[in-house]
Structures are given as structure tokens and as C-alpha cells.
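# Structural characterization, general
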Amino acid sequence: MKKEITYKDSGVDIDKAVEAKNRIKKIVEKFNVSAEGGIGSFGAIFPLKEILIVSSVDGVGTKLKIAFSTGIHNTVGRDLVNHCVNDILVQGAKPLFFMDYIALSKINPDLVEKIIEGIAEGCKENGCKLAGGETAEMPGFYKEGEYDLVGFIVGIVERENLLPKKDIKEGDLIFGLPSTGLHTNGYSLARKIIFEKNKLKIDTFVQEFNCTVGEELLKVHRSYLRSFEGILGKNLIKGLAHITGGGFYDNIPRILPEGLKAVIKKETWEIPPIFRYIVREGNLSEREAYRTFNMGIGMIGICDEKSFEKILSHFESIGEKCYLIGEIKKGKGVEIL
């Protein structure tokens, strides 16, 4: 029997990450730190009367290792901006400005320029201002040619348009928009299977992907902001979930009221080749796959049945694919059928 490779085997323990988040929540509650919207949302909320400031901070994880291997550094900045944009979009917010943090052993102007080019392109794509950032030179801390990259975003939403809504109920429908690939999560496991187990090189052409390993793994984490323009704030969407670290099992429950579960029908969309390859070559269980990766669905939405046709019509009018992938039922968590 083939041994299953898990995300934990690659050095990432999702259970410990969940435990850490729970401990953070207890600290916040202990010291009575106010957190509108609760602890554990995709973004943090600060109220200004009926306008809410929504912020988020994130990185692109070990996808940076692919940038280091390929020498291509002008895409991870777009990944970073788009990821952060999506994290406040799920609360109904539109971005105002973005800031970055780049840390490296020794400043290389050409390298920094490429990284910032990607960040600037991402900001332009999402209509937000690149307000500034920090470049930290830390000799002896990072390997030469390697760096860390973090982004911070601030956006706004009117209180009446804040997501998720409190009226998500049994019978509501779940729809999904396609991803461009791994986006920015699951790379530690993907790299373990592709490079360590299967011994592929960064420039190996894989027929199944119809491109090289590097090209596949550097596909940009897409932003869903433009796709939702025109239907946000119209009382059509009850909730959105960005499918990043933790996959389906950890992200969808973050927007569900107590006593409800998401039932996902996995045959309702085409799973991209990269995920089929990783699942097969790593002998991943279904739970491991859907808890680690987005499996081809980068953004999930919840709406009632009568709103779905309007939402679908909107997406069709702009050429955006939209799949009806499940429904809300009584229960807890996520069920994959």
C-alpha cells in the first residue's frame, strides 16, 4: 500500500495553527480587547460610525521558494496583494491602500525592484494605492538571494453591507469561483511531493500540466474583486469565504452560524491537473486534500435560491465561471460528498 503524504509530513501542522489561533482569542478576551466582528474573521474591523475599516496582513508562504528557484520575482508581489484583497473582500470591503514588508540578508536593488513591480501591478489591478513599506536588511538571518515578503491592506465597507450576514440558513446555496492553481497555500506539501518524492526539477515539463513545474507553481493567486463588482452590497450574497490555508474544512465554517454545515458536492466542478497530480502522487486522503488545498475553487459564496440566478447572470455577463457546488444544511463543519 502506498504511504499517504500529509501536510504535517512537510512541516506544516494545521491543528497546531488552529490551537494557536484559539489561544490568541483567549488572550484577546482576557484583556477585553474589543474586536468588532469577532476574533478569527478573515480581516480585522475597526468602526467609524457606519463606515467600517477592514484590514488584513498576510504573506505568500513557501511559494517564495519557487521564486528563488526560478529567479522570477515579479509575480509573488501580485500574489501577495491579491491574497490580501480577497481576505477583506469576503467581508464586503474594497481596498484603499496597501503596504509591504521585505526582509532579506543583503539589499539587491534589482531584486527589490522586481518584487515591488509585482506589488505595484497588483495594486493597480485592484484599484488601491501602494502607500509605502519597509525593506529590512538582516545579514546572517536570511540566505543570500532569499527573502521574506509580507503585506498589509486597509479597506472600507458600509456597516449595512458587512459580510457575512446573520441570516444564512438551511437550504441556502453554495457557489464557487475557480482558482488559477495552488494560489498561495499548500506549497510545503506540493514541494515535498514534486521535488522530494518525485525528484522533478523546477524546469521539468509535465505533460499533465502542459507547462513546466515552475510555470505551474508560479501561477498568480487571482483577485476576485473585479468579479464581484456590481453585486456586492445588493443584498444578494450572504457570505464569502476565501479558500486559503485550511482549505474547505477550516475556511467555510468561519462564516457559518452555529448549527449549520456546508455540504459540498465535489463533482460539480473540474479539478485542475495540479491537484489531481498531487493527490495521486502523494496518495492524499480526501480530507487531507480538501483541508490543505483549494482544489480548484478559490472563492466560495453563499446565497438564497432566488438570488442565485441573478448572481449567475452577473458572472456570465463578465465571462466569469461560477459553479453551484453545494448547499447549507443543519449540522456542523463541512461535509464533502
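Refer to the preceding data block for the structure.
So, here is what we can say about the structure in this document.

Cut-offs and rules
- Residues numbered from 1 in each chain as written.
- Predicted model: local features only at pLDDT ≥ 70, side-chain atom pairs only at ≥ 80, totals over all residues.
- Heavy atoms only, no water.
- Pairing = 2+ DSSP bridges.
- Helix = DSSP H or I, 4+ residues; strand = E, 2+ residues; numbered from the N terminus.
- Right-handed = clockwise from strand over helix to strand, strands pointing away.
- Axes fitted to C-alpha atoms, helices over the stretch in contact; angles between N-to-C directions.
- Contact = heavy atoms within 4.5 Å.
- Phe/Tyr/Trp six-rings, centres within 6.5 Å; stacked < 30°, edge-to-face > 60°.
- Buried < 20%, exposed > 50% of the residue type's maximum accessible area, 1.4 Å probe, protein only.
- Lys NZ or Arg CZ within 6 Å of the ring centre and 35° of its normal.
- Salt bridge = Lys/Arg side-chain N within 4 Å of Asp/Glu carboxyl O.
- Polar contact = N/O pair within 3.5 Å; in protein donor to acceptor, adjacent residues only side chain to side chain.
- Core = buried A, V, L, I, M, F, W, Y, C linked by side-chain atoms within 4.5 Å.

### Comments concerning the pairing of strand 4 (residues 129-137)
Bridge count between strand 3 (residues 94-104) and strand 4: 8 bridges; the pairing is parallel. If you follow Tyr101 over to strand 4, its bridge partner there is Glu134. The parallel pair strand 3 and strand 4 is bridged by helix 4 (residues 109-126), and the resulting crossover is right-handed.

### Digging into the sheet that holds strand 13 (residues 333-336)
Ordered in space as 9-11-6-12-10-13, the 6 strands form an open sheet in which the pairing is mixed. Only two strands of the sheet have a single partner each, and these edge strands are strand 9 (239-242) and strand 13. Strand-to-strand twist across the sheet, computed as the mean angle between neighbouring axes with direction ignored, equals 25°. For strand 9 and strand 11 (residues 297-303), the ladder comprises 4 bridges, and the chain directions are antiparallel. In the sheet register, Ala241 faces strand 11, and the bridge partner there is Ile300. Sitting on the sheet, helix 3 (residues 76-89) is in contact with strand 9 and strand 11, with an inclination near 155° to strand 9. Helix 11 (residues 305-317) contacts strand 6 (173-178), strand 11 and strand 12 (323-330) of the sheet and is inclined by roughly 15° relative to strand 6.

### Remarks on the side chain of Thr212
By the secondary structure assignment, Thr212 is in strand 8 (residues 211-212). Those residues in contact with Thr212 that sit more than four places away from it in its chain are Ile202, Asp203, Thr204 and Phe205.

### Topic: the packing of aromatic side chains
The relation between two aromatic rings is expressed through the spacing of the ring centres and the mutual angle of the planes. Taken as a whole and judged by the stated rule, the model has 9 aromatic pairs. With 5.1 Å between their ring centres and 70° between their planes, Phe141 and Tyr142 make a pair best called edge-to-face. A relative accessible area of 59% places Phe141 in the exposed class. On the numbers, 5.2 Å between centres and 70° between planes, the contact of Phe248 with Tyr290 is edge-to-face. One end of the pair, Phe248, is in helix 8 (residues 247-251); the other, Tyr290, is in helix 10 (residues 286-292), and 42 residues separate them in sequence. Across the pair, exposure class does not vary: Phe248 and Tyr290 are buried alike. Taken together through their ring pairs, the aromatic side chains of Phe175, Phe228, Phe308 and Phe315 make up a single cluster. Residue placement shows Arg287 over the ring face of Tyr249; its charged tip is 4.3 Å from the ring centre.

### A look at the pairing of strand 11
By the criterion of burial, strand 11 is predominantly enclosed, with 7 of the 7 residues buried. Two elements, strand 6 and strand 11, share 6 bridges in a ladder whose sense is antiparallel. Looking across to strand 11, one finds that Gly176 is bridged to Ile300.

### Comments concerning the pattern of salt bridges
All told, the structure shown has 17 salt bridges when counted by the stated rule. In this structure, the salt-bridge partner of Lys197 is Glu281, at a minimum N-O distance of 3.7 Å. On the criterion of sequence distance, the pair formed by Lys197 in helix 5 (residues 187-197) and Glu281 in helix 9 (residues 273-282) is long-range, its members being 84 residues apart. A residue is classified by how much of its surface remains accessible, and Lys197, at 39% relative accessible area, is partly exposed. Notably, a salt bridge pairs Glu335 with Lys261, separated by 2.7 Å at the nearest N-O pair. Placement of Glu335 in strand 13 and of Lys261 in strand 10 (residues 260-264) is noted, with a sequence separation of 74 residues between them. Residue classification places Glu335 among the partly exposed positions, given a relative accessible area of 30%. Classification of Lys261 as buried rests on a relative accessible area of 18%.

### Thoughts on the environment of Thr70
Relative to the helices and strands, Thr70 is located in helix 2 (residues 64-70). Separated by 148 residues in the primary sequence, Thr70 and Leu218 have C-alpha atoms spaced 9.1 Å apart. Once you skip the residues sitting within four places of it in the chain, Thr70 turns out to touch Ile202, Gly214 and Leu218. Side-chain polar atoms of Thr70 contact the backbone oxygen of Ile66, separated by 2.9 Å. Within the structure, the side chain of Thr70 is placed 3.4 Å from the backbone oxygen of Ala67, a separation counted as a polar contact.

### Notes on the nonpolar core
Counting residues in hydrophobic clusters, the biggest one holds 47 residues, and the most contacted among them are Phe98, Tyr147, Leu149, Phe175, Phe228, Ile237 and Leu240. If you tally residues by element for this core, the top one is helix 3, at 7 residues. Leaving out residues up to four positions away in the same chain, Phe228 has contacts with Leu89, Phe175, Leu177, Ile237, Leu240, Met299, His314 and Phe315.

### Describing the side chain of Asn294
With respect to the helices, strands and loops of the structure, Asn294 is situated in the loop between helix 10 and strand 11. Residue Asn294 is classed as buried on the basis of its relative accessible area of 1%. Only 2.8 Å separates the side chain of Asn294 from the side chain of Ser179, close enough to count as a polar contact. A distance of 2.7 Å separates a polar side-chain atom of Asn294 from the backbone nitrogen of Gly296. Setting aside anything within four residues of it in sequence, one finds Asn294 in contact with Ser179, Gly181, Leu182, His183, Asn185, Ile243, Phe248 and Phe275.

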